[in-house]
Amino acid sequence: MAKTPKNKGKFREKLISKYRLVILNEDTFEEKISFKLTRLNVFILGGLFSVLLIVGTIFLIAFTPLREYIPGYSSIKLKKEATQLVYKVDSLEQVLKVNNVYIEKVRELLTGEISDVQFDKDSVLQSIHYDKDTINLDPSDEDLEFRQEVERTDRYSIFNQATKGAEIVFFAPVSGTITDGYNPEKKHFAVDIAVEMGTPVKSIADGTVIFAEWTADTGHVIIIEHTGGFISVYKHNTALHKQQGDLVKSGEVIASAGNTGEFSTGPHLHFELWNEGYPVDPTNYIDFE
């Protein structure tokens, strides 16, 4: 038990014992620098240096670009590029969905899967029947003011008479005998015109080619979009003279009639006319004779 205080005293003496660190010239033994040190001072200085070294290393890793050279850390440029790629992938997915819907609608149009929309006129009128005695038909002050403004605008419009009563006129794609007419009950939303092989097929109006490809069922097919919500379809052609995206004029040759596709029974033109997404009878607009 008596040895413990002595050991503590010796340890304390060792810590505070002073030493001199001398730096001499090796040739002349001239004293250049000397320091008075104790073990306690050395321990304290070493600890402070270690702490500063650790703090400095953490600062370099966390707040400087040097961390990019340490395995496991990615660069800021790489993160930005990855973020931009994620945005591009999301945008491409949206575009792909829209294109898939468009292609599916065109496929239904080409295969004749779209049918006329049938509805009961009487049932529609009954569903919107109102009691006229309970409805207030008197216009409000805001409504009267809006009507007067519209009347003043239309009264002096220079385009009012120019567009009034304007009707669209279609050019006959070919001239010939109709062998099979428009029949929605049989899902034949077109007219078949018998022609000779290679007869020039012409555009019925100005428009843009939105489809010009080969299909196994209907051969060479070309589809043109016109103003007023009209779309014209030309099937069973032996050759196409226009590509998707081309602008065509009314009466311009776009294809050569033929007998291509599994559904064809002879040289003829299968012509369809659509308006606002619904098939219409082409003979109501075009004289094929």
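Each chain carries its own residue numbering, running from 1 in the written order of its sequence. This being a predicted model, a pLDDT of at least 70 is required before a residue's local features are given, and a value of 80 or more before pairs of side-chain atoms are given or counted; all residues contribute to the totals for chains, interfaces and linings. Each side-chain value is derived from all of the structure's non-hydrogen atoms; neither hydrogens nor water enter the calculation.

J.: Please explain the overall build of the chain as it appears in this structure.
T.: Helix numbering and strand numbering both begin at the N terminus, where a helix is a DSSP run of H or I of at least 4 residues and a strand a DSSP run of E of at least 2. Within the chain, the secondary structure is distributed over six helices and 12 strands. Expressed as a percentage of its 289 residues, the buried residues of the chain come to 24%. Across the chain, every contact between residues at least 6 apart in sequence was considered, and the portion connecting residues at least 24 apart equals 56%. Entry remark: accessible area of the chain is about 21700 Å², with carbon and sulfur atoms responsible for 58%. Only protein chains enter the accessibility calculation, which uses a 1.4 Å probe; a residue whose area is less than 20% of its type maximum is buried, one above 50% is exposed, and one in between is partly exposed. In what follows, a contact means two residues having at least one pair of non-hydrogen atoms within 4.5 Å. Here the open area of atoms and residues is found with the Shrake-Rupley method and a 1.4 Å probe, where only the protein chains shown may cover a residue.

J.: Quick question: what am I supposed to make of the pairing of strand β8 (residues 230–240) here?
T.: Two faces belong to every sheet, and in a regular strand the side chains alternate between them. With five bridges joining them, strand β7 (residues 219–226) and β8 adopt antiparallel strand pairing. Looking across to β8, one finds that Glu225 is bridged to Ile231. Two successive antiparallel strands, β7 and β8, enclose a turn made up of three residues, where Gly228 displays a positive phi of approximately 80 degrees. Relative to strand β11 (residues 268–275), β8 runs antiparallel, the two sharing six bridges. Only strands that DSSP links by at least two bridges are regarded as paired with each other.

J.: Please clarify how the nonpolar core should be interpreted in this entry.
T.: Most often, soluble globular proteins have nonpolar side chains that are buried together. We define a nonpolar core as any set of buried Ala, Val, Leu, Ile, Met, Phe, Trp, Tyr and Cys residues linked to one another through side-chain atoms lying within 4.5 Å. Among the nonpolar cores identified, the biggest contains 26 residues, and Val201, Ile204, Tyr234, Ile254 and Phe271 are the most heavily contacted of them. Looking at this core, the elements that each hand over two or more residues are β4 (191–194), β6 (207–215), β7, β8, β10 (253–257) and β11. Listed in part, the nine residues of the second largest apolar core include Leu109, Leu110, Ile210 and Trp274.

J.: How should the packing of aromatic side chains be read in this particular structure?
T.: For any two aromatic rings, the description comes down to two numbers: the centre-to-centre distance and the angle of the planes. Centres within 6.5 Å make a pair out of two Phe, Tyr or Trp rings, where for Trp the six-membered ring is used; the pair is then stacked when the planes are under 30 degrees apart, edge-to-face when over 60, and tilted otherwise. Throughout the structure, instances matching the rule amount to seven aromatic pairs. Aromatic side chains Phe271 and Phe288 sit 6.0 Å apart centroid to centroid with 65 degrees between the ring planes, which places their arrangement in the edge-to-face category. In this pair, Phe271 sits in strand β11 while Phe288 sits in the segment after β12 (278–280), placing the two residues 17 residues apart along the sequence. Across this residue pair, the class does not change: Phe271 and Phe288 are buried.

J.: Looking at this structure, how should I read the pattern of salt bridges?
T.: Opposite charge on two side chains lets them pair, provided their charged atoms get close. Salt bridges are identified by distance alone: a Lys or Arg side-chain nitrogen within 4 Å of an Asp or Glu carboxyl oxygen. Applying the stated criterion across every chain, the model contains three salt bridges. Note that Arg107 and Glu104 form a salt bridge whose closest N and O atoms lie 2.5 Å from each other. Of this pair, Arg107 and Glu104 both sit in helix α3 (residues 76–111), three residues apart, roughly one helical turn. For Arg107, a relative accessible area of 34% translates into the label partly exposed. One salt bridge connects Lys235 with Glu272, and the closest N-O pair in it is separated by 3.1 Å. Of the two residues, Lys235 is situated in strand β8 and Glu272 in strand β11; the sequence distance between them amounts to 37 residues. Each member of the pair, Lys235 as well as Glu272, is classed as buried.

J.: What is the right way to read the side chain of His226 from this model?
T.: Of note, His226 is situated in strand β7. Polar contacts involving the side chain of His226 include one to the main-chain carbonyl oxygen of Asp206, which spans 2.9 Å. Looking at His226, its side chain comes within polar contact range of the side chain of Ser232, at 2.7 Å. When neighbours within four sequence positions are excluded, His226 is seen to be in contact with Ser203, Ile204, Ala205, Asp206, Gly207, Ile231, Ser232 and Tyr234. In protein, a polar contact requires one atom able to donate a hydrogen and another able to accept it; more generally it is a pair of N or O atoms within 3.5 Å, and residues adjacent in sequence count only if both atoms are side-chain atoms.

J.: Just checking my understanding: could you explain a negative patch on the surface for this structure?
T.: Note on patches: the residues involved have over 30% relative accessible area and no salt bridge, like charges join within 9 Å, and the nonpolar side chains Val, Leu, Ile, Met, Phe, Trp and Tyr join within 5 Å. Just so you know, the count uses Lys and Arg for positive and Asp and Glu for negative, and it drops His and the chain ends. One atom stands in for each charge, and that atom is NZ of Lys, CZ of Arg, CG of Asp or CD of Glu. Negative charge collects at one region of the surface, where Asp141, Glu142, Glu145 and Glu149 lie side by side. Take Glu145: it is sitting in helix α5 (residues 141–155). Owing to a relative accessible area of 56%, Glu145 belongs among the exposed residues under this scheme.

J.: I'm lost on a nonpolar patch on the surface in this one. Help?
T.: A contiguous nonpolar patch, built from Ile16, Leu40, Ile44, Leu45 and Leu48 and spanning about 470 Å² of accessible area, is present on the exposed surface. Tracing the backbone shows Leu48 in helix α2 (residues 39–63).

J.: Before we go on, may I ask you to explain the confidence of the model for the chain in this structure?
T.: The predicted structure's coordinates, where accompanied by low pLDDT, should not be read in detail. What pLDDT conveys is the predictor's confidence in a given residue, as a value from 0 to 100. Chain-level statistics for the chain give a pLDDT mean of 80 and a share of 78% at 70 or above. The low-confidence segment residues 155–166 (pLDDT under 50) makes one contact with residues lying over four places distant or belonging to another chain.

J.: Would you take a moment to explain the side chain of Thr215 for this structure?
T.: Mapped onto the elements, Thr215 comes out in strand β6. Reaching out from Thr215, the side chain makes a polar contact with the side chain of Thr218 at a distance of 2.5 Å. Discounting residues that sit within four places of it in the chain, Thr215 has contacts with Leu110 and Val221.

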